[in-house]
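What the coordinates show
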Amino acid sequence: VLLGSGLTVLSQPLMYVKVLVQVRVGMAGLRGRTGPGTGRAGGTACPFLLQVYQLPGLFSYAKHIVKVDGRAGLFKGLAPRLCSSAIGTVVHSKVLQLFPPDSSFPLQPGASKKEPVSSLEQVLKETSREMVARSAATLITHPFHVITLRCMVQFIGRETKYSGTLSAFATIYREEGILGFFAGLIPRLLGDILSLWLCNMLAYLINTYALENGVGSAPRSVFWEPQSHFGGIQVLLLLLQVSTMTEMKSYSQAVTGFFASMLTYPFVLVSNLMAVNNCGLAGGLLPYAPTYSSWLDCWSQLHREGNMSRGNSLFFRKVPAGKRYVWE
């Protein structure tokens, strides 16, 4: 819990900027600039150069926030996020304890506990177990997530509507009822579940069919044929090979996790937008954001506008020149 809280504090400015970028592209006091980019622009002198509008990035946003609210302003919304992180860690751990690996799913009739479990079956069971734990943690902590986002989005209109965690609970309940605490929950759950399954299944396929088969296809004589004068070298090579394969498996998990998060990012964007949509804050109303009837409506509009990856990159933010965005 302490480690998770420390990482939450350190990553708070990054999340703050990402949320502001997701909700709106421009900000008062910040301006982008026009410059050359890559792409095909028919009818121009150089068909492979396209004028693009370079939008403010992470450091520009952070400097502007510090200029307006001071350094403490970078940590707006930290309190409810810390509560979400701590409670989510506890809930996740408790759910995993309720479903131990050896009994999380009932055995098939006639099956013996001593029968070996295939690698794929084990991955499916562990992923399902993790899915239940994550979903439970997300469901219970989502109200804190909603409050965190709204505390951050207040920066746009300079509101103080959500000034404290407890008062924010009272405000949401009074204005929106119980459902207000779960705004944007469905796309967030779907994104988490899809990301988890994509990550684990891709890692399984890579580890099984790329890494293990690659090692298994190596000439057997290199490692296993008994030769007394090369025995020590063979053992050393074998150990190095096993160590390398283990490291590559850990790397594959990280790579597939990153790939899965990229593919499911639109769910994160839609969830965050729905959490602040039409909640009484300037960042959730026109002209900064339209009023969405549902998360599917939000998804459809973002897809039509080509904004499904908005906020995914905070360093190289470029859009074709001529496309209009909201600026104060």
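Before any of the text, the structure's been laid out above.
A short tour of the structure in this document, coming up. Keep in mind the model is a prediction, meaning the values are calculated, not measured. (Residues numbered from 1 in each chain as written. Predicted model: local features only at pLDDT ≥ 70, side-chain atom pairs only at ≥ 80, totals over all residues. Heavy atoms only, no water.)

**Brief notes about the layout of surface pockets**
The gaps of empty space that remain are located by a probe, the size of a water molecule, rolled over the atoms. What counts, and what does not: Detection works on a 1 Å grid of protein atoms alone, calling trapped sets that fit a 1.4 Å probe cavities and calling open sets with protein on both sides within 12 Å along at least five of seven lines pockets, with lining residues defined by an atom within 4 Å of a point. Grid points are joined across faces, edges and corners, and a volume is the space filled by probe spheres set on the points. In DSSP terms, a helix is any run of H or I states spanning at least four residues, a strand is any run of E spanning at least two, and both are numbered starting from the N terminus. Ten residues, namely Ala, Val, Leu, Ile, Met, Phe, Trp, Tyr, Cys and Pro, are considered nonpolar, four, namely Asp, Glu, Lys and Arg, are considered charged, and the remaining ones, Gly among them, are considered polar.
Here the largest pocket is characterised by a volume of approximately 1400 Å³. Lining the largest pocket are 40 residues, with Arg81, His145, Arg188, Asp192 and Val268 positioned closest to its centre. When residues of the lining of the largest pocket are assigned to their parent elements, the largest contribution, eight residues, is made by helix α4 (residues 119-157). Grouping the constituent residues of the lining of the largest pocket by class yields 13 nonpolar, 21 polar and six charged.

**Digging into the pattern of salt bridges**
Cut-off, in case you're wondering: By salt bridge we mean one thing: a side-chain nitrogen of Lys or Arg within 4 Å of a carboxyl oxygen of Asp or Glu. Only protein chains enter the calculation, and the probe is 1.4 Å; a residue is then buried if its accessible area is under 20% of its type maximum, exposed if over 50%, and partly exposed in between.
All chains considered together, the criterion is met by seven salt bridges. The shortest N-O distance in the salt bridge between Asp69 and Arg158 comes to 2.6 Å. In this pair, Asp69 sits in helix α2 (residues 58-69) while Arg158 sits in the loop between α4 and α5 (165-176), placing the two residues 89 residues apart along the sequence. For Asp69, a relative accessible area of 24% corresponds to the partly exposed category. For Arg158, a relative accessible area of 44% corresponds to the partly exposed category. Across the pair Glu175 and Lys161 runs a salt bridge whose closest N-O atoms are separated by 2.7 Å. Note that Glu175 is positioned in helix α5 and Lys161 in the loop between α4 and α5, a separation of 14 residues in sequence. Residue Lys161 is classed as partly exposed on the basis of its relative accessible area of 26%.

**So, empty space enclosed by the protein**
If you walk through the whole model with that rule in mind, you get one cavity of 30 Å³ or more. In terms of lining residues, the largest cavity is bounded by Met131, Arg134, Ser135, Asp192, Ile193 and Leu196. Broken down by secondary-structure element, the contributors of at least two residues to the lining of the largest cavity are α4 and α6 (185-216). Counted by class, the lining of the largest cavity contains three nonpolar, one polar and two charged residues.

**Observations concerning helix α3 (residues 78-98)**
Filter applied, for reference: Expected helix span is given by 1.5 Å per residue-to-residue step, counting one fewer step than there are residues. This arc is taken over the directions from the axis of the helix to the C-beta atoms. A contact between two residues is defined here by any heavy atoms of the two lying within 4.5 Å.
The end-to-end C-alpha distance of α3 is 30 Å, a good match for the 30 Å that 21 residues give at a rise of 1.5 Å each. Within α3, burial applies to Leu78, Pro80, Arg81, Ser84, Ser85, Gly88, Val91, Val95 and Leu96. Along the long axis of α3, the arc covered by the buried residues comes to 160°, so they all point the same way. As for α3, its buried residues are in contact with α1 (2-23), α4 and α5.

**Brief notes about unusual backbone geometry**
With an omega of 10°, the peptide bond between Leu286 and Pro287 qualifies as cis. Checked against the element boundaries, Pro287 lands in the loop between α9 (265-276) and α10 (295-305). One non-glycine residue, Arg158, lies in positive phi territory at about 55°. Residue Asn278 is not a glycine yet carries a positive backbone phi of 50°.

Read these as geometric descriptors, not functional statements.
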